[in-house]
Amino acid sequence: MLITAFPQPNISEDEYHLLRDLVYAESGIWLKDEKKNFLMNRAARRMRETNISSYYRYYKLLTGPDGKKELLDFLDALTINETSFFRNRPQMDVLSRKVLPEIIKRKRKGERPALKMWSAGCSTGQEPYTLAIILRESIPDIRNWQIKVLASDLSMTALEAAGRGVYAPEKMEGIDERLLGMYFCRDKSGYRVTDEIKRLVVFDHHNLMHDNGERDFDVIFCRNVLIYFDGQTQKNVIGRLRKALVPGGYLFLGHSETLQGIDDSFTFIHHDKGTAYRKNCD
Ligand SMILES: C[S@@+](CC[C@H](N)C(=O)[O-])C[C@H]1O[C@@H](n2cnc3c(N)ncnc32)[C@H](O)[C@@H]1O
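For clarity, every value in this text was computed on a predicted model and none was experimentally measured.

Procedures and definitions
Residues numbered from 1 in each chain as written. Predicted model: local features only at pLDDT ≥ 70, side-chain atom pairs only at ≥ 80, totals over all residues. Heavy atoms only, no water. Helix = DSSP H or I, 4+ residues; strand = E, 2+ residues; numbered from the N terminus. Rg over C-alpha atoms; globule rule 2.2 N^0.38 Å. Buried < 20%, exposed > 50% of the residue type's maximum accessible area, 1.4 Å probe, protein only. Contact = heavy atoms within 4.5 Å. Areas by Shrake-Rupley, 256 points an atom, 1.4 Å probe, with all protein chains shown as cover. Lys, Arg positive; Asp, Glu negative; His and termini not counted. Charge placed at Lys NZ, Arg CZ, Asp CG, Glu CD. Pairing = 2+ DSSP bridges. Axes fitted to C-alpha atoms, helices over the stretch in contact; angles between N-to-C directions. Near = heavy atom within 4 Å. Polar contact = N/O pair within 3.5 Å; in protein donor to acceptor, adjacent residues only side chain to side chain. 1 Å grid on protein atoms, 1.4 Å probe; cavity = no way out; pocket = protein on both sides within 12 Å on 5 of 7 lines; lining within 4 Å. Sits in = over half its atoms within 2 Å of the grid points. Points joined across faces, edges and corners; volume = space filled by probe spheres on them. Nonpolar A, V, L, I, M, F, W, Y, C, P; charged D, E, K, R; others polar. Domains from an automatic or database assignment. Disulfide = S-S within 2.5 Å. Buried area = accessible area lost by both parts, 1.4 Å probe. Salt bridge = Lys/Arg side-chain N within 4 Å of Asp/Glu carboxyl O.

### Some thoughts on the overall build of the protein chain
Of regular secondary structure, the protein chain possesses 10 helices and 10 strands. For a compact globule of 282 residues, the expected C-alpha radius of gyration is about 19 Å, and the protein chain comes in at 21 Å, within 12% of that figure. With the C-alpha coordinates of the protein chain rotated into their principal frame, the extents come out at 65 × 50 × 35 Å. Looking at the protein chain as a whole, 48% of its 282 residues qualify as buried. Here the contacts in the protein chain between residues at least 6 apart in sequence split such that 72% fall between residues at least 24 apart. Put simply, the protein chain shows about 14,600 Å² of open surface, and 49% of that area lies on carbon and sulfur atoms. Taken together, the 43 basic and 39 acidic charged side chains of the protein chain have centroids lying 4 Å from each other.

### A short note on the sheet that holds strand S9 (residues 266–271)
Read across the sheet, seven strands follow the order S6-S2-S1-S7-S8-S10-S9 without closing on themselves; strand pairing throughout is mixed. Edge positions in the sheet fall to strand S6 (201–205) and S9, since each of these pairs with one other strand and no more. Ignoring which end each strand starts from, the neighbouring axes of this sheet average 20° apart. Sheet analysis places S9 next to strand S10 (residues 274–279), joined by six bridges and oriented antiparallel. Bridge pairing links Thr 267 to Arg 278 in S10. Running over the sheet, helix H7 (residues 156–164) touches strand S2 (146–153) and S6 and is turned about 160° from S6.

### Details of the site of the ligand
Surrounding the ligand, one finds 22 residues, the nearest of these being Thr 83, Arg 87, Gly 121, Asp 153 and Asn 224. A distance of 3.3 Å separates a nitrogen atom of the ligand from a polar backbone atom of Leu 154. Asn 207 places a side-chain nitrogen or oxygen 3.0 Å from a nitrogen atom of the ligand. The site holding the ligand turns out to be the largest pocket.

### Quick word on the layout of surface pockets
The space that makes up the largest pocket amounts to roughly 730 Å³. Lining the largest pocket are 35 residues, and of these Ile 80, Asn 224, Val 225, Ile 227 and Tyr 228 lie nearest its centre. Its residues placed into classes, the lining of the largest pocket shows 14 nonpolar, 12 polar and nine charged. Structurally, the lining of the largest pocket is a two-domain feature, drawing no fewer than three residues from each of domain 1 (13–78) and domain 2 (89–279).

### Comments concerning the state of the cysteines
A complete count under the given rule lists zero disulfides for this structure. Free of any disulfide, Cys 222 has its nearest neighbouring cysteine sulfur in Cys 122, separated by 11 Å.

### What about the domain arrangement of the protein chain?
Here the protein chain is partitioned into domain 1 (13–78) and domain 2 (89–279). If you look at the interface, domain 1 gives nine residues, while domain 2 gives 11 residues. Summing both partners gives a buried area of about 810 Å² for domain 1 against domain 2, and 55% of it is carried by carbon and sulfur. Connecting domain 1 to domain 2 are zero salt bridges. In this structure, the connection of domain 1 to domain 2 is made through seven residue pairs in polar contact (both at pLDDT 80 or more). Counted by class, the side of domain 1 that touches domain 2 contains five nonpolar, two polar and two charged residues.

Right, here's the structure in full:
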């Protein structure tokens, strides 16, 4: 039998609403009633770490003057970080076969061409590294380009793993042998992303509830993040992403996410089985 210093207390309706509403206000993550146990378990885990035995006292810590760091850890514990390399292959094909050739052709005319992409909600890094690999494959003279793949997330734990860029063999399933050999080094800790690819990616701790002031992205990936938000938060986040995109820039969402009823200033793009949105020029 497992004996812990603090047996997990039950959460009252009032405590549950206080914590749920706080999570929503701070991160946009809307935990439906069926997620009550999830919230309770994650809060209880953090309460053990902080030696607090009541949900109400934990709420007071989170909202008190010394609660900032713990609030970050609490939100971190609530994030779902599932991801993989080349996730949703048809979308990656839209990027490499349709979107990038068009952008690269247009930009190549400039003296020192620049291209900016953003993986918003990048989790443990597989998405931004996939984008960097696709860019490297699409631009043979990439050294002459100014490339930035911004990769941001709310979860510090996920970002730290992303920054390390080392993955267990079972995480490498989406990558074909040639790319694996070119852009990863195998060592005893796993598959390590090469410095050439790492240099293209800049990691940043960022909460999508706020505007980070970044602009002029040619392409934004914000996949499998909106599903955790309610309708109003989705609208607000998409509005901020729209501002961050250049006119004619591309937005990629997860396969169960849509702009329908959220924002009509984009055109839906369908290419083979992959989809994306193109921001309309005014
Ligand atoms: C399921 S993962 C998706 C990862 C990747 N985009 C993909 O599709 O494979 C969702 C990510 O969104 C992040 N997230 C959730 N709410 C966020 C917020 N308010 N601001 C920034 N990132 C957030 C989570 O931490 C998590 O890493």
